[in-house]
Amino acid sequence: MRYLAAALLTLIILLQYPLWLGKAGWLKVRQLEQTVTDTHEQNLELQNRNTVLFAEINDLKQGTDAIEERARSDLGMIKKNEILFQIIESSPSDGLPSANIARANSAP
């Protein structure tokens, strides 16, 4: 009777091995499902980025407003008879902003 129980237990273990640890076992399937989920999320992020880029391309193709905005922000260009005010943020460790320091030093 012991030999029969040991043989059945061995048979059950041998049948369970491919189910859990084989090529198409539960653990491998779970890993692949996680990989598919991660890849799907990355694809959605890339699709959103592509949508934004296509909208920007269409703006650049159709109007001059987007080109003007790009020239102002990236290249620092200004129009004729236009005054540019540039605001420089100071770090919190400084006592006064740089513009205020210059004014304080030049005061009599």
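Keep in mind that what you see is a predicted model, and the values were worked out from it rather than measured.

### Observations regarding the overall build of the chain
Each helix and strand counted, the chain has 4 helices and 0 strands in total. Ordered by position from N to C terminus, the α and β elements of the chain give α-α-α-α. Within the span of the chain, comprising 108 residues, buried residues form 3% of the whole. Total accessible area on the chain stands at roughly 10,500 Å², and carbon and sulfur atoms take up 62% of it.

### Here we look at the environment of L19
Among the structural elements, L19 can be located in helix α1 (residues 2–21). With sequence-adjacent residues up to four places away left out, L19 is seen in contact with G25 and W26.

### Some remarks on the confidence of the model for the chain
With 84% of its residues at a pLDDT of 70 or more, the chain has an overall mean of 79. Element-level pLDDT for the chain is lowest in helix α4 (residues 98–106), with a mean of 43, against a maximum mean of 92 in helix α2 (residues 26–62). Low pLDDT, under 50, characterises residues 100–108; the predicted model gives this stretch 1 contact beyond four residues in sequence or across chains.

Conventions we followed
Residues numbered from 1 in each chain as written. Predicted model: local features only at pLDDT ≥ 70, side-chain atom pairs only at ≥ 80, totals over all residues. Heavy atoms only, no water. Helix = DSSP H or I, 4+ residues; strand = E, 2+ residues; numbered from the N terminus. Buried < 20%, exposed > 50% of the residue type's maximum accessible area, 1.4 Å probe, protein only. Areas by Shrake-Rupley, 256 points an atom, 1.4 Å probe, with all protein chains shown as cover. Contact = heavy atoms within 4.5 Å. pLDDT = per-residue confidence, 0-100.

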